[in-house]
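Structure at a glance
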Amino acid sequence: SQQGEEDPQALSIQEGENATMNCSYKTSINNLQWYRQNSGRGLVHLILIRSNEREKHSGRLRVTLDTSKKSSSLLITASRAADTASYFCATDSPGGDKIIFGKGTRLHILP
Amino acid sequence: GAVVSQHPSRVICKSGTSVKIECRSLDFQATTMFWYRQFPKQSLMLMATSNEGSKATYEQGVEKDKFLINHASLTLSTLTVTSAHPEDSSFYICSARRYRNTEAFFGQGTRLTVV
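A few points on the structure. Please read these numbers as outputs of a predicted model, since none were measured by experiment.

About the cut-offs
- Residues numbered from 1 in each chain as written.
- Chains lettered and ligands numbered in written order.
- Predicted model: local features only at pLDDT ≥ 70, side-chain atom pairs only at ≥ 80, totals over all residues.
- Heavy atoms only, no water.
- Contact = heavy atoms within 4.5 Å.
- Salt bridge = Lys/Arg side-chain N within 4 Å of Asp/Glu carboxyl O.
- Polar contact = N/O pair within 3.5 Å; in protein donor to acceptor, adjacent residues only side chain to side chain.
- Helix = DSSP H or I, 4+ residues; strand = E, 2+ residues; numbered from the N terminus.
- Nonpolar A, V, L, I, M, F, W, Y, C, P; charged D, E, K, R; others polar.
- Pairing = 2+ DSSP bridges.
- Axes fitted to C-alpha atoms, helices over the stretch in contact; angles between N-to-C directions.
- Buried < 20%, exposed > 50% of the residue type's maximum accessible area, 1.4 Å probe, protein only.

What follows covers the interface of chain A and chain B. With 28 residues of chain A in contact, the opposing surface of chain B contributes 23 residues. Taken together, the connections running from chain A to chain B amount to two salt bridges. Among the salt bridges present, the one from Arg 97 of chain B reaches Asp 92 of chain A, with a minimum N-O distance of 2.6 Å. Linking chain A with chain B are twelve residue pairs in polar contact (both at pLDDT 80 or more), by the criterion used here. Contributions of two or more residues to the side of chain A that touches chain B are made by strand E4 (31–37), strand E5 (43–50), strand E9 (85–92) and strand E10 (99–101) of chain A. Grouping the amino acids of the side of chain A that touches chain B by side-chain chemistry returns eight nonpolar, 13 polar and seven charged.

Residue and element names in this part refer to chain A. Taken together, five strands build an open sheet; the order of strands is E1-E3-E8-E7-E6 and the sheet is antiparallel. Across the chains shown, the open sheet's two edge strands, defined by having one partner strand only, are strand E1 (5–7) and strand E6 (55–58). Put simply, the sheet's adjacent strands are angled 15 degrees from each other on average, direction ignored. As defined by bridge partners, strand E3 (residues 19–24) adjoins strand E8 (residues 71–76) across six bridges and the pair is classed as antiparallel. Paired with Asn 22 across the two strands is Ser 73, which belongs to E8.

Residue and element names in this part refer to chain B. Throughout the structure, instances matching the rule amount to seven salt bridges over all chains. The shortest N-O distance in the salt bridge between Asp 88 and Lys 66 comes to 2.7 Å. Of the two residues, Asp 88 is situated in the loop between strand E8 (76–81) and strand E9 (90–97) and Lys 66 in the loop between strand E6 (57–58) and strand E7 (67–73); the sequence distance between them amounts to 22 residues. An identical accessibility class is assigned to Asp 88 and Lys 66; each is buried.

Quick look at the structure:
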């Protein structure tokens, strides 16, 4: 089952620019997480934001959460070539019994 | 950091045979492990959630007799694809976490090709 939708599905930007990805979800959550996946590899956890938090930072990453709109955004500032990857949001149910992923955004940083 | 090891990374098997994929949390005890399937350029689809010592909970549409999941200890879960068919060819990824409502750590995935 899929929980959410990310948009855009694909994004190409110049190195140094900021990249913004959005995620919407359908059901109530305990927290929302963002992950990165390089092609053909496993996922790397980036950041977790709890349902009672509105914004969180980690290095060049900034995540916002709006539970009233059931949406989140991931901002990557000063993008680098190494940021090229797919980015997924994932929601954690209140019972904590499953993590469901959105469809993902394929980010391509142009040199 | 927390490390999850998934083995094998690639496997090719003949149609009708069974394949076992292992997922180990190397430096932490995982109360919950998740198994996902991923098609090319698509998202991860949750197949099942397994808790140590209890039966796995399968998502709707996932055949539990086809995809056998065992979570024998707090550091090991296995997925066995039984009587594999070419349509089972996919990328399978496991993840593990210490506690509910915390981040999950992922294995590197297994590319299964059934010929």
